[in-house]
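The lines below spell out each chain.
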Amino acid sequence: MTHEELRENLEAWAIGALRVPEAQEIERHLATCESCAAIARSLSLVPLAMQAGQSLETPSTFARTRLLSTIRGGSASGVTQATAAAVNTAGVAAGDQNEARGARLASWLAIAAAVVLAAFLGWDGVRLRGRIADLTRELDQARAAVAASESRMAMIQRSADRTQSALAVLTAPDVARIDLAGQPGAPQASGRAYWSRARGMVFSAAALPPPPSGRTYQVWVVTSAPAPISAGLVAPDDAGHVDAVFATPQDIPQPVAVAVTLEPSGGVPSPTGPKVLVGTV
């Protein structure tokens, strides 16, 4: 039998309800397992209580002493001093020749039930706490999985929205293509913009150098008006690639160029830094 099966059979062993081989297996286990031995010491009260109930005779001083000793020695299994006091009181009451036989039987059976319950709670409570801890871990893992799943779904949704917006720009009837060339600060860089007055801009670039600390790239729509209009900020990946979709105002003057400049982090209302990419419409 497994350890759990041995524990589950302790009550049957205590009242002599097991076959000899099973009882012997439990007794060998008790010699090596202190936690089960503590439960067995508590359960040893049960056969004594049953015998007392069957005979309805006054328990001897030896039997009462053994009961009290067993209870006090088995405190690890959950039996308290209050239970021991109850046993002593029951023994004294049972010694009174005027006490009713039915009352003695009820008293001993109540003690037996209390001992069995205390022993059960003593070891099964540990198992219950372990199961609660397992369930708590499983719940935490499930919550983490849900959070990760929600994060992935949000990322997928953002990607789908960006793709849909880009497709809308690329298929717009008024879409215009603008090729951008690298400037002295980034001669190897290149870029391309597709702009639609009604649907916005799709922008991509390659070979952009990593921006210095505290700086970022800003995309501008240059019009015939005095000040360029910011389309947005971009951050290249480790390979220097950029892909972005911008919503641009529909009422802007006709663009004449698209440019990228290096600006302070967070961007600026109008260009202040060196041009990195420029392309004319």
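Below is a short write-up of the structure. Remember, it's a predicted structure, so these values are computed and weren't measured experimentally. (Residues numbered from 1 in each chain as written. Predicted model: local features only at pLDDT ≥ 70, side-chain atom pairs only at ≥ 80, totals over all residues. Heavy atoms only, no water.)

## What about the overall build of the protein?
Per the secondary structure count, the protein includes eight helices and eight strands. Burial analysis of the protein (281 residues in total) assigns 35% to the buried set. Looking at the protein alone, contacts between residues at least 24 apart form 60% of all its contacts between residues at least 6 apart. A total of about 15800 Å² of accessible surface is found on the protein, and carbon and sulfur atoms cover 58% of it. (Helix = DSSP H or I, 4+ residues; strand = E, 2+ residues; numbered from the N terminus. Buried < 20%, exposed > 50% of the residue type's maximum accessible area, 1.4 Å probe, protein only. Contact = heavy atoms within 4.5 Å. Areas by Shrake-Rupley, 256 points an atom, 1.4 Å probe, with all protein chains shown as cover.)

## Quick look at the nonpolar core
Note that soluble globular proteins tend to have their nonpolar side chains buried in a common cluster. Counting residues in hydrophobic clusters, the biggest one holds 24 residues, and the most contacted among them are M201, F203, V219 and L277. Of all the secondary-structure elements, those providing two or more residues to this core are β1 (176-182), β2 (190-196), β3 (200-206), β4 (215-223), β5 (229-234), β6 (242-246), β7 (255-264) and β8 (275-280). In contact with V219, not counting residues within four places along its chain, are M201, F203, I229, S230, A231, G232, V234, F246, V258, A259 and V260. (Core = buried A, V, L, I, M, F, W, Y, C linked by side-chain atoms within 4.5 Å.)

## Brief notes about the sheet that holds β6
Sheet architecture is open: eight strands sit in the order β5-β4-β7-β8-β1-β2-β3-β6, paired in antiparallel fashion. Looking at which strands have only one partner, the edges of the open sheet turn out to be β5 and β6. Each strand of the sheet is rotated relative to its neighbour by a mean of 20°, with strand direction disregarded. (Pairing = 2+ DSSP bridges. Axes fitted to C-alpha atoms, helices over the stretch in contact; angles between N-to-C directions.)

## Re helix α3 (residues 20-30)
Of the positions making up α3, those classed as buried are A23, I26, H29 and L30. Taken end-on, α3 shows its buried residues confined to a sector of 120°, consistent with a single buried face. Seen from the open side of α3, the exposed residues pointing more than 90 degrees away from its buried face are V20, P21 and R28. (Arc of directions from axis to C-beta.)

## Observations concerning the pairing of β3
On a regular strand, each side chain points to the face opposite its neighbour's, so the side chains alternate between the two faces of the sheet. Among the seven residues of β3, five are classified as buried, and the element is accordingly described as predominantly covered. Direction of pairing for β2 relative to β3: antiparallel, over a ladder of seven bridges. Of the residues in β3, the one forming a bridge with S196 is G200. Sheet analysis places β3 next to β6, joined by five bridges and oriented antiparallel. Following the sheet pairing, F203 is matched in β6 by A244.

## A closer look at the environment of H241
If you trace the backbone, H241 turns up in the loop between β5 and β6. Relative accessible area serves as the criterion here: at 39%, H241 is assigned to the partly exposed category. Spatially, the C-alpha atom of H241 lies 9.7 Å from that of S190, the residues being 51 residues apart in sequence. Residue contacts for H241: discarding those within four places in its chain leaves A205, A206, A207, A235 and P236.

## Digging into the environment of T223
Residue position: T223 is located in strand β4. Sequence separation between T223 and V258 is 35 residues, and the spatial gap between their C-alpha atoms is 8.8 Å. Sequence-distant contacts of T223, that is, excluding residues within four places in its chain, are made with I229, P253, Q254, P255 and V256.

## Some details on the pattern of salt bridges
Within the structure shown, the criterion is met by three salt bridges. D179 is the partner of R177 in a salt bridge, and the nearest nitrogen-oxygen pair spans 3.2 Å. Because the salt bridges share partners, they merge into one network encompassing R177, D179 and R192. (Salt bridge = Lys/Arg side-chain N within 4 Å of Asp/Glu carboxyl O.)

## Description of unusual backbone geometry
In this structure, A207 is a non-glycine residue whose phi angle is positive, near 60°. Structurally, A207 is set in the loop between β3 and β4.

## Let's talk about the pairing of β1
Relative to β2, β1 is paired through six bridges, and the arrangement is antiparallel. Paired with A176 across the two strands is W195, which belongs to β2. Summarising the sheet, β1 and β8 pair through two bridges and their orientation is antiparallel. Bridging across to β8, G182 finds its partner in L277.

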